[in-house]
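Analysis of the macromolecular model
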Amino acid sequence: MVDAAARARSPRGGAAHKVAIGGGELGGSETVGRWRGWRAPARTEVGVLAFLATLALLALVLGGGAGSLPAFSSPRTEFLRKPASAASSAHAEDAGSADKSAPPSRHDQDRLLGGLLSPDFDEQSCRSRYASSLYRRPSPFRPSTYLVERLRRYEARHRRCGPGSPLFDAAVEHLRSGRNAARSECQYVVWTPFNGLGNRMLSLASTFLYALLTDRVLLVHAPPEFDGLFCEPFPGSSWALPAGFPITDFAGIFTMWSPASYKNMRQAGAISDDHRNVTAEGLPAYVFLDLIQSFTDAAFCEADQRVLAKFNWMVLKSDVYFATMFFLMPAYERELARLFPEKEAVFHHLARYLFHPSNDVWGIARRFYDAYLARADERVGLQVRVFPEMPVPFENMYGQIVRCSEKEGFLPKVVQKGGGAASNNHSSAVASSPDQSRKTKLTSILVTSLFPDYYERIRGVYYTNPTATGEAVGVHQASHEREQHTEARGHNQRALAEIYLLSFCDRIVTTAVSTFGYVAHGLAGARPWVLLRPPSPEAPAEPACVRSETVEPCLQAAPRRLCSVAEGTDIGALVPYVRHCEDVHKGLKLFG
C-alpha cells in the first residue's frame, strides 16, 4: 500500500480529476498542431463527458452484443477495467471523495534542491525550474556543500566571462584573429550537439562537468531543432553562442577529418604531446575535441589535458556520457571526491541543475500529467525502444516485458475470465484489499515508445480482465511517432516532455542501451529495471531484465586504451566505483 507521504508528494492541489473511459489523448497519430493546441478540458466539460461516457457504457452493457469488446475511438489513453471487487459497485461516492489534499509547500520539498539551484531567477520565465521536483519522489541524494559552492563560483565566472561581457568580447576578437592568446583570464568550451536528444543531454552534462574541472565557461551551439527546449541554467548570463560568433558552420567544420581535431593534430605532429614543449602563443585559435562514440581515445591522459589547458577556445562534440572517464584520471580524483561523495548521483545532480524544460515543453508535460497521472497512487513508467540494428519482433519484445514483470512484479496481476490468476500475464505489484471499494488503489502505467503496439496490448489485458488485487489500472501513452526525428524541434519538444513524464514515475522500466531511458531514470534518481538486449532479434533475452545497481547512465563506448595502464587491462576493474554496465558489457558506469 502506498503510504500517505508518497501520495502527498504529487502537486494535486484543488479537486482531483476523474479519469473516464474513452478519455481524451495527447500525441500519438495526431498532428503536431494537435499537440500545440491541446488544452485541458474545463470542469464543466469533464462533467458532461463523464455523464455521456456513463450513458454510452450503460448502453453497451445493456444492449450491446456479449461476444465482443467495444472498440475504442482512440488508441493512446484509457481508464481500464474496474477491479473485480468493485465491478458491481457504483462510483458515485468516489466522484465526491477525490483527493483534495493541498500540494506540499515548496519549502517542504526544498525548491532549491539542497542548494543545487540558484534562487536568482524569475519563476515565470521558467516554470519548470523550481516546480519539476514536486512531481517526483524526494531525491535519495543530497548535493555536497562543496558542489553547491563550486556551482555558485561557476555562475560568477560565467557572468564575468559569458556573452555580453567585455572579457567575452576580447576573447572573441582573439578567436577572430586566428591567435591563441597567452594568459587569458577566460577560457571556453563550446558544446555542439550530435545524435538524439538523450545522447545530447548526456554529453552536455559531461561537458559541463569538464568545464567545472578545468575552469572553463560552457557555451552551447544550439541549431534550430535544439533551440527553445531548455531554459537558461546560469543566472545573469546566457549559455547560448551569440549572433555574430566567428564560427558558423559547425556541422561542416567539426568532423572526424577536421584539421582542428586534437587527435588529428597529434597524429600530424602539429603539436607535441609534451606540454613543456607547447606554448600558448604557438597554438591555433581553437581546438576540436572529438569524443563521438569510438573516437574517445584521445583526451583522457593527463599529458593531453596539460596541452589542452593551453587552448583558450575548445569545441567539443560527443554523443556519450564521457563524464565517467574523469573518475579514472588521478588528476581529478580529489576534486571529484569532494564534488560527488555519492558517485552514483553525478548525473542526477548535474541534470537537475542544468536541464529545465522551457515553458512550452513544460506545458506539454504538465497538462498530460494533470490529465492522466495526477490521481494515481502509483505510477509505473515503461519505456520500450526497438533499435534498427536489433529489430526485435513485437511478440518477442512484449513477451520479454511480461517475463520481466512476472519476475519483478511491477505490473498489477489480472484475473482470467475462468476465475484464476493469469499466470501468463502480469505479476502482482502492490496488493490492496478487494473489499474496500472506497479506497481503491489507482495504478497508472505510462508507456513511452515510438509505436502504439505495446500500449494497445497492455491496455487490452487490463480492459479484458479485472485486477486480482482490487486496484484500478489506467494505461496511457502520450505519442507514438514511429520514427525518430531529431532534426525536428516539435519532435524534440515532445520527446523531452516524455522524458520528464517518465522521470515522474515511481517505478521505471527502461530498454537496454537507450539514452532516453538513461536520462529519465537519472533525473528521477531511481534505479530502473532494464530490459536486456537479446543476442539476436529472434532469440529471447535471458534474463528478461535486471535491476540496475546504480542511478548513473552507461558510457557505452569506453576508450580502447588508458594512459599508464598496461594494454589488455580491464579498465572496468581498476577502481571499485567504475564497473561495467548491465546492458553494455564493454561500457562503463559509476557505482556507489
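Residues numbered from 1 in each chain as written. Predicted model: local features only at pLDDT ≥ 70, side-chain atom pairs only at ≥ 80, totals over all residues. Heavy atoms only, no water.

Moving on to the overall build of the chain. Tallying secondary structure elements over the chain gives 20 helices and 13 strands in all. Counting the 592 residues in the chain, one finds 56% classified as buried. Long-range contacts, defined as pairs at least 24 residues apart, comprise 77% of the intrachain contacts of the chain with a sequence gap of at least 6. (Helix = DSSP H or I, 4+ residues; strand = E, 2+ residues; numbered from the N terminus. Buried < 20%, exposed > 50% of the residue type's maximum accessible area, 1.4 Å probe, protein only. Contact = heavy atoms within 4.5 Å.)

This part is about the packing of aromatic side chains. Counted by the stated rule, this structure contains 31 aromatic pairs. Plain terms: the ring middles of Tyr154 and Phe208 are 5.1 Å apart, the flat faces sit at 90° to each other, and that makes the pair edge-to-face. Taken together, the positions of Tyr154 in helix α7 (residues 145-161) and Phe208 in helix α9 (residues 197-214) put the pair 54 residues apart, joining distant regions of the chain. With centroids separated by 5.8 Å and ring planes inclined at 90°, the aromatic side chains of Tyr369 and Phe504 adopt a geometry described as edge-to-face. (Phe/Tyr/Trp six-rings, centres within 6.5 Å; stacked < 30°, edge-to-face > 60°.)

Moving on to the pairing of strand β5 (residues 313-318). Among the six residues of β5, six are classified as buried, and the element is accordingly described as predominantly covered. Side chains of β5 alternate between two faces, with Trp313, Val315 and Lys317 and Met314, Leu316 and Ser318 buried alike. Here strand β2 (residues 188-192) pairs with β5 via five bridges, running parallel. For Thr192, the partnering residue across the bridge sits in β5 and is Lys317. Of the pairings in the sheet, the one linking strand β4 (residues 287-291) to β5 comprises five bridges and is parallel in character. The partner of Leu289 across the bridge, within β5, is Leu316. (Pairing = 2+ DSSP bridges.)

Take the side chain of Thr515 next. Tracing the chain through its elements places Thr515 in helix α20 (residues 515-524). Those residues in contact with Thr515 that lie beyond four places of it in its chain are Gly198, Asn199, Leu202 and Gln556.

This part covers the confidence of the model for the chain. In this model, the chain carries a mean pLDDT of 80, and residues with pLDDT of at least 70 account for 76%. Low confidence marks residues 1-10, where pLDDT is under 50. Its contacts with residues over four positions away, or in another chain, come to 27 contacts. Taken as a whole, residues 420-437 scores under 50 in pLDDT and shows 61 contacts with residues more than four places along the chain or in a different chain. (pLDDT = per-residue confidence, 0-100.)

What follows deals with α9. Residues lying three or four places apart along an α-helix face the same way, a consequence of the helix completing one turn every 3.6 residues. Between its first and last C-alpha, α9 extends 26 Å over 18 residues, near the 26 Å set by a 1.5 Å rise per residue. With 18 of 18 residues buried, α9 lies mostly within the body of the structure. Backbone geometry just after α9 places Asp215 at a positive phi near 60°. (Expected span 1.5 Å × (residues − 1).)

For the rest of this paragraph, the subject is helix α17 (residues 394-408). Compared with the 21 Å implied by 1.5 Å per residue over 15 residues, the 21 Å span of α17 between its first and last C-alpha is a close match. All of the buried residues along α17 are Met397, Tyr398, Gln400, Ile401, Val402, Cys404 and Ser405. Summarising the contacts, the buried residues of α17 are in contact with β6 (378-383), α18 (453-464), β9 (507-511), β10 (529-531) and β11 (545-547). Positive phi shows up at Gly409, right after α17, with a value of about 70°.

Along the polypeptide, Ala472 turns up in strand β8 (residues 472-476). For the pair Ala472 and Thr443, spaced 29 residues apart in the sequence, the C-alpha separation amounts to 6.2 Å.

Residues Phe208, Leu218, Trp313 and Phe326 are the most contacted members of the largest nonpolar core, which totals 131 residues. The greatest single-element share of this core, amounting to eleven residues, is contributed by α9. In contact with Leu218, not counting residues within four places along its chain, are Tyr154, His158, Val189, Trp191, Leu204, Thr207, Phe208, Ala211, Phe234 and Trp239. Judged by nonpolar contacts, the second largest core, of 28 residues, contains Val380, Met390, Val402 and Val475. (Core = buried A, V, L, I, M, F, W, Y, C linked by side-chain atoms within 4.5 Å.)

A separate point is the pattern of salt bridges. The full count for this structure, using the stated rule, is 22 salt bridges. Between Glu471 and Lys441 there is a salt bridge, and its shortest N-O distance comes to 4.0 Å. In this pair, Glu471 sits in the loop between α18 and β8 while Lys441 sits in the loop between α17 and β7 (442-448), placing the two residues 30 residues apart along the sequence. The buried category is assigned to Glu471, whose relative accessible area is 0%. The exposure class of Lys441 is buried, given its relative accessible area of 1%. Salt bridges linked by common partners bring Arg150, Arg157, Asp215 and Glu335 together as one network. (Salt bridge = Lys/Arg side-chain N within 4 Å of Asp/Glu carboxyl O.)

With that out of the way, let us pick up the state of the cysteines. Evaluation of the coordinates by the stated rule reveals five disulfides. Between the sulfur atoms of Cys161 and its disulfide partner Cys186 the distance amounts to 2.0 Å. Looking down the S-S bond of the Cys161 and Cys186 bridge, the torsion is -65°, so its handedness is left-handed. Separated by 25 residues along the polypeptide, Cys161 in helix α7 and Cys186 in the loop between α8 (166-177) and β2 bring together distant segments of the chain. For the pair shown, Cys161 and Cys186 are each scored as buried. Between Cys301 and Cys563 runs a disulfide, and the two sulfur atoms are separated by 1.4 Å. One quick way to see it: the torsion about the S-S bond of Cys301 and Cys563 is about 60°, and its sign makes the bridge right-handed. (Disulfide = S-S within 2.5 Å.)

Within β8, five of the five residues are buried, which leaves it mostly tucked inside the rest of the structure. The side-chain alternation of β8 yields two buried faces, one formed by Ala472, Gly474 and His476 and the other by Val473 and Val475. When β7 meets β8, the two strands line up parallel, connected through five bridges. Looking across to β8, one finds that Ile445 is bridged to Val475. On the question of chirality, the crossover connecting β7 to the parallel β8 by way of α18 is right-handed. (Right-handed = clockwise from strand over helix to strand, strands pointing away.)

What follows concerns unusual backbone geometry. Cis rather than trans, the peptide bond between Glu542 and Pro543 has omega equal to -5°. Within the secondary structure, Pro543 is located in the loop between β10 and β11. Unusually for a residue other than glycine, Asn195 sits at a positive phi of about 75°. Its location among the elements puts Asn195 in the loop between β2 and α9.

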